[in-house]
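Results of the structural survey
Each chain, letter by letter, is given below.
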Amino acid sequence: MLYLFLALLVGALIPVQTAANARLRLAVNNRPIVSALISFTVALTLAALATLILQGHVVPHFLSTPPPWAYLSGLFGATFVIGNILLFPKLGAVQTVVLPILGQVIMGLAIDHFGLFRGRQVDVSVWRLGGALVVLLGIAVVLRVLPLRRGTVPAAISEDPDLGASVWLYRLLGVAIGVGSAMQAAINGYVGTLAGSPLFASEINLLVGAVILLIAVLCTSPRQLVTPLKPAPWWMWLGGVVGAIFVIGGAGLTPILGTATTVIAFNAGTIASGQLMESVGAFGARRVPMDGVRLVGLAIIFAGVLMVRML
């Protein structure tokens, strides 16, 4: 239960990262990829410092030569960031949140069941599958994906009306980046085991992601790299801090809890923390009072997490 609580706690930090990166985006002239690069760079610096202090060196000493796919986790991390940037104006906030979660849950269960990426094999029982479905139901209730009254339109339909049939390509992209996120967690867990510490896995993940984002920035807005930041509150730098904690936590918890339980617990913590942050208007979030429907949805989510872990 301690590790499950830690996973929930790590996930609970993600809304802080989202708010901080959104504020950082304003400081770099509304360039989202630039703000993502800065966040990754801060996270990489912190991960390297933590590794140096705790391990005595920053270069990993692998027990055996890692396979080429061991370096893909950073690609999946950068793809997740860029994918969300593309999806948000096309599909709206709710689908941008829900579709990647769907991909994470599906791929997380597949990774556990088949022992992919040399992870620990965990059978997907009917109860575990039911728990995952309960979590998705709870998220749907909290985010108002389903219509609450007859004749109302679900929040998930708030998308660009000009997309037409291509909307399904964007939805598929949303699921795909969630699949990549689950693969990222599994790969980081394996690399951390191979290197003797999740800190080394986080370094590799963040370094590869930062390089990919740097290439993207050089192709889209290179001048912003030499443009001074606009004045902004100190907490805009927390995005990188949380990013480092998230990657290290994922690499350390995945081999213990399994990929499915880890990503589901992360998402549960994220949704719960996001609702709490909105209820008090923290970090510049629009204040939305907590109501009974959201509380019921949160209870459903945590019940599902316990089903996935305990049954």
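Residues numbered from 1 in each chain as written. Predicted model: local features only at pLDDT ≥ 70, side-chain atom pairs only at ≥ 80, totals over all residues. Heavy atoms only, no water.

In the nomenclature of an unreviewed UniProt entry, the protein chain corresponds to EamA-like transporter family protein from the organism Corynebacterium riegelii.

Turning our eyes to something else, we now look at the overall build of the protein chain. Helix and strand counts for the protein chain stand at 11 helices and zero strands. Each helix and strand of the protein chain, ordered N terminal to C terminal, gives the series α-α-α-α-α-α-α-α-α-α-α. On C-alpha atoms alone, the protein chain measures out to a radius of gyration of 19 Å, which is about the 19 Å that the 2.2 N^0.38 rule sets for 311 residues. Once the C-alpha set of the protein chain is aligned to its principal axes, its extents read approximately 60 × 50 × 40 Å. Going through the 311 residues of the protein chain one by one, you find that 48% of them count as buried. Relative to all contacts within the protein chain whose residues are 6 or more apart in sequence, the contacts with residues 24 or more apart total 79%. (Helix = DSSP H or I, 4+ residues; strand = E, 2+ residues; numbered from the N terminus. Rg over C-alpha atoms; globule rule 2.2 N^0.38 Å. Buried < 20%, exposed > 50% of the residue type's maximum accessible area, 1.4 Å probe, protein only. Contact = heavy atoms within 4.5 Å.)

Here Thr 261 shows up in helix α10 (residues 259-280). At a separation of 3.3 Å, a polar atom in the side chain of Thr 261 contacts the side chain of Arg 128. (Polar contact = N/O pair within 3.5 Å; in protein donor to acceptor, adjacent residues only side chain to side chain.)

Let us look at the packing of α10 against helix α11 (residues 292-310). Running from amino to carboxyl end, α10 crosses α11 at an angle of 160 degrees, the nearest separation of the two axes being 10 Å. Considering the angle they form, α10 stands roughly antiparallel to α11. For α10 against α11, the interelement crossing comes out left-handed. Seen from α10, the contacting residues are Thr 261, Ile 264, Ala 268, Ile 271, Ala 272, Gln 275 and Glu 278; seen from α11, they are Arg 294, Leu 298, Ile 301, Phe 302, Val 305, Val 308 and Arg 309. Broken down by class, the residue content of the contact of α10 with α11 amounts to nine nonpolar, two polar and three charged. (Axes fitted to C-alpha atoms, helices over the stretch in contact; angles between N-to-C directions. Parallel < 35°, antiparallel > 145°, perpendicular 65-115°, else oblique. Left-handed = near helix turned anticlockwise from the far one by under 90°. Nonpolar A, V, L, I, M, F, W, Y, C, P; charged D, E, K, R; others polar.)

When you line up the elements, Phe 88 lands in helix α4 (residues 73-91). For Phe 88, a relative accessible area of 49% gives the class partly exposed. C-alpha separation for the pair Phe 88 and Gly 174, spaced 86 residues apart in sequence, amounts to 9.9 Å.

Under the counting rule described, the total for this entry stands at three aromatic pairs. Measuring from centroid to centroid gives 5.0 Å for Phe 246 and Phe 266, while their planes differ by 45 degrees, and the two rings are tilted. Linking Phe 246 in helix α9 (residues 238-257) with Phe 266 in helix α10, this pair joins segments that are 20 residues apart in sequence. We classify Phe 246 as partly exposed; its relative accessible area is 26%. Note on Phe 266: relative accessible area 5%, which makes it buried. An aromatic cluster of three or more residues is present, and its members are Trp 69, Phe 117 and Tyr 190. Positioned above the aromatic ring of Trp 168, the side-chain terminus of Arg 171 is 4.3 Å from the ring centre. (Phe/Tyr/Trp six-rings, centres within 6.5 Å; stacked < 30°, edge-to-face > 60°. Lys NZ or Arg CZ within 6 Å of the ring centre and 35° of its normal.)

Let us now look at the UniProt feature "transmembrane region" (unreviewed entry) in the protein chain. When the UniProt feature table is mapped onto this chain, "transmembrane region" (unreviewed entry) is found at residues 34-56, 68-87, 93-114, 126-147, 167-187, 199-218, 238-271 and 292-310. Secondary structure within residues 68-87 divides into 75% helix and 0% strand; the distance between the first and last C-alpha atoms comes to 29 Å. The distance separating the terminal C-alpha atoms of residues 292-310 is 27 Å; by composition the span is 100% helix and 0% strand. (UniProt positions renumbered as here; feature names shortened; annotations may be inferred.)

Let's shift gears to the nonpolar core. Counting 28 residues, the largest nonpolar core has Ile 139, Ile 264, Ile 271, Ile 301 and Val 305 as the members making the most contacts within it. Of all the elements in the fold, those that place two or more residues in this core are α1 (2-12), α5 (93-114), α6 (126-142), α9, α10 and α11. Ile 38, Ala 210, Ala 216 and Met 236 belong to the second-largest nonpolar core, a separate cluster that totals 21 residues. (Core = buried A, V, L, I, M, F, W, Y, C linked by side-chain atoms within 4.5 Å.)

Below, the discussion takes up unusual backbone geometry. The residue Asn 29 is not glycine, and still its phi comes out positive at about 60 degrees. Topologically, Asn 29 is positioned in the loop between α2 (14-27) and α3 (32-55). For Asn 29, a relative accessible area of 31% puts it in the partly exposed group. For Phe 117, which is not a glycine, the phi torsion comes out positive at approximately 55 degrees. In this structure, Phe 117 sits in the loop between α5 and α6.

The terminal C-alpha atoms of α3, which comprises 24 residues, lie 34 Å apart, in line with the 34 Å expected from a rise of 1.5 Å per residue. After α3 finishes, the residue Gly 56 shows a positive phi value of roughly 90 degrees. (Expected span 1.5 Å × (residues − 1).)

What follows covers the environment of Ala 78. With respect to the element layout, Ala 78 can be found in helix α4. The class for Ala 78 is buried, based on a relative accessible area of 0%. Expressed as a C-alpha distance, the spacing of Ala 78 and Ala 36, which sit 42 residues apart in the sequence, is 8.4 Å. Residues within four places of Ala 78 in sequence aside, it is in contact with Phe 40, Gly 209, Ile 212 and Leu 213.

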